[in-house]
Amino acid sequence: MKKKVSLLVIVAISLFCIIYISNHIIIGRGAERPADEAVLNGDQNNAARKFKNKELSIAVFMGGYGPEYWKEIVSKFEAAYPGVKVDMTISPRIGDVVRPQLVAGNPPDLLAVADTEQSGLITSLVKEKGLLDLTDVFESKALDKDMKLKDMVLPGMLESTRFSPYQDGKIYMAPFNAGPMGLIYNKNLFREKGWKLPETWDEFFELGKELEKEENYLTDANGHKIKRALFTYQGIYPDYLEEIMYPSLANAVGIDQLKKIFSYEPGSFKTDEVKKVLDTFAKIGIEGYLMDGTVNLNHTQSQTDMMQGKAIFIVNGNWMENEMKDSPREEGFEFGMIPVPVFQKEDERYILSSYEQFSIPLRAKNPELAKEFLKFLYTDESVKLFAQKSNGAFALKGAQELSKPYLTPGVYEMFSAYEGATTIFQDWKALPKGSKIDIKNVLFRQSMTPIMTGKMTTEQWMERVEHVFAQIQAEMRTPAK
């Protein structure tokens, strides 16, 4: 009897030791596992099993950051959540792909599409109040740290109309990436020529006169001398010029007045200060500072021409380097960025910050899994992967430094354009439900080419915008049906 008891004790102790050692081996190895596994504790693994529908549908706009990050982060999410399958649609024309699905009542579960995307998909969803409230996501803790998600986001973003469009204290869009937007130039060219980077518009146009000198001409592949233009932009996509428009308006009219413009306040766009900004665009176009043919070019064509030295400035964001990584360029081309010039030397400089957004359609079939995927995108592993694969930084505190080892020197240095400048966001107030107005059509797409070619005056431009502001105010006073 004693031998049997002793044998049972020995077996029990042995089993305990095996379990203890096994558990500690697992814990020890866990510290070395990739973040997509290590960040998910036992409760979260159980959470992965609780989703009734484990198939997640996402739609992604493929812009300058490319598809590589998305392919890998989807794979990591599937590995971290066993049994989950992600169906991803990624396209440069994602709005046109997704819109029929929305009309049919079968939207994707998550959209990685910004409200600045050309199709106007997100703008339409905002007008129709077709996005899910994400406030609970930002009130919850991150997957890989003891911190609420809302406290990780760059200051001021979640409170702006870009993420809280109805200003009702609720968040309907989640920040993705962030970076400066300004004037891109060839640092090597400026260094070789000894040119001074312009701080004021007078200095900007003075540099244009410097380009008249034959010594500053570009020599093409055939040995021909070509006069460099001062400026070009993404002609058939004139929305890019918001990167000049909003900082210049902030400089000319002040932040408080800019807020009135963003709220469509009558009279706010028809002032002498606004006209000074609009006259700057007209001057670029009709006084010979714009690269020939610009208004008919798309973004890659104009950006390639600029990189080949045909123009010395183009407006863009820090994604341009990744977007154009395989494009031809002038020998020694080196990316640089400066904020938009100001009107007086002592004026405060402003810079528009880029962002893209995540959102979940209100009628998504699997919103809880979409929220979990959204939280997964905010892990450190995801932030570093985005830098490594897309050469960009998330809109999170500390993301720039966390991403630094993976960013190219050119992109990392472009973040210095923030220094000495006040950051602003394009902050248009949400339009009333059912409104057919697109303010960017009026402000840029219907106006910029006529302005640049001298077929429209800046007075007519202001009148057109003011007319639309009046229409919007009337719509706001009329209850939605």
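Residues numbered from 1 in each chain as written. Predicted model: local features only at pLDDT ≥ 70, side-chain atom pairs only at ≥ 80, totals over all residues. Heavy atoms only, no water.

### Here's the deal with the pairing of strand β1 (residues 55-61)
- In this sheet, strand β2 (residues 85-91) lies alongside β1 in parallel orientation, the contact comprising seven bridges. Note on β2: the bridge partner recorded for Leu56 is Val86.
- Between β1 and its parallel partner β2, the chain crosses via helix α4 (residues 68-80), and the hand of that crossover is right-handed.
- Relative to strand β3 (residues 110-112), β1 is paired through three bridges, and the arrangement is parallel. What sits directly across from Ile58, in β3, is Leu110. (Pairing = 2+ DSSP bridges. Helix = DSSP H or I, 4+ residues; strand = E, 2+ residues; numbered from the N terminus. Right-handed = clockwise from strand over helix to strand, strands pointing away.)

### Here we look at the packing of helix α10 (residues 242-253) against helix α11 (residues 255-262)
- Interaxial distance between α10 and α11 falls to 7 Å at its minimum, and their mutual angle equals 130°. Our classification of the angle between α10 and α11 gives oblique. Between α10, through Tyr246, Leu249, Ala250 and Val253, and α11, the contact on the second element is made entirely by Ile255, Gln257, Leu258, Ile261 and Phe262.
- Among the residues making up the contact of α10 with α11, the classes are represented as eight nonpolar, one polar and no charged. (Axes fitted to C-alpha atoms, helices over the stretch in contact; angles between N-to-C directions. Parallel < 35°, antiparallel > 145°, perpendicular 65-115°, else oblique. Contact = heavy atoms within 4.5 Å. Nonpolar A, V, L, I, M, F, W, Y, C, P; charged D, E, K, R; others polar.)

### Regarding the environment of Ala364
- For Ala364, the location among the structural elements is in the loop between β9 (349-358) and α15 (367-377).
- For Ala364, a relative accessible area of 11% corresponds to the buried category.
- Along the chain, Ala364 and Leu131 lie 233 residues apart, while their C-alpha atoms are 9.2 Å from each other.
- Excluding residues within four positions of it along the chain, Ala364 makes contact with Pro107, Pro108 and Asp109. (Buried < 20%, exposed > 50% of the residue type's maximum accessible area, 1.4 Å probe, protein only.)

### Some remarks on α11
- Three or more residues of α11 are buried, namely Leu258, Ile261 and Phe262. Angularly, the buried residues of α11 cover 95° about the axis, an arc narrow enough to put them on a single face. More than 90 degrees from the buried face of α11, the exposed residues found are Asp256 and Lys259.
- In this structure, the buried side of α11 is in contact with α10, α12 (272-286), β10 (421-424) and α21 (458-477). (Arc of directions from axis to C-beta.)

### Brief notes about the packing of aromatic side chains
- For the structure shown, the criterion picks out 42 aromatic pairs.
- Aromatic pair Phe204 and Phe313: ring centres 5.7 Å apart, planes at 35°, arrangement tilted. On the criterion of sequence distance, the pair formed by Phe204 in helix α9 (residues 201-210) and Phe313 in the loop between α13 (299-307) and β7 (314-317) is long-range, its members being 109 residues apart. The burial state of Phe204 is the same as that of Phe313; both residues are buried.
- Ring geometry for Phe262 and Trp428: centres 5.0 Å apart, planes at 80°, overall edge-to-face. Pair noted here: Phe262 is in helix α11 and Trp428 is in the loop between β10 and α19 (439-445), with a separation of 166 residues, a long-range link.
- The structure contains a cluster of three or more aromatic residues connected by ring pairs, namely Tyr65, Tyr69, Trp70, Phe138, Phe176, Phe358, Tyr378, Phe386 and Phe394. (Phe/Tyr/Trp six-rings, centres within 6.5 Å; stacked < 30°, edge-to-face > 60°.)

### Quick notes on α13
- Those residues of α13 that fall on the buried side of the exposure criterion are Ser302, Gln303, Thr304, Asp305, Met306 and Met307.
- Next to the buried residues of α13 lie β4 (174-186), β7, α14 (320-323) and β8 (335-338).
- Where α13 ends, the next residue or the one after it, Gly309, has phi of about 95°, a positive value.

### As for the pattern of salt bridges
- Within this structure, the stated rule accounts for 29 salt bridges.
- Among the ionic pairs, Lys389 bridges to Glu72, the shortest N-O distance being 3.5 Å. In this pair, Lys389 is assigned in helix α16 (residues 380-390) and Glu72 in helix α4, connecting sequence segments 317 residues apart.
- Judged by its relative accessible area of 28%, Lys389 is partly exposed.
- Given a relative accessible area of 30%, Glu72 falls into the partly exposed group.
- The partner of Lys345 in a salt bridge is Glu199, and the shortest N-O contact between them spans 3.8 Å. (Salt bridge = Lys/Arg side-chain N within 4 Å of Asp/Glu carboxyl O.)

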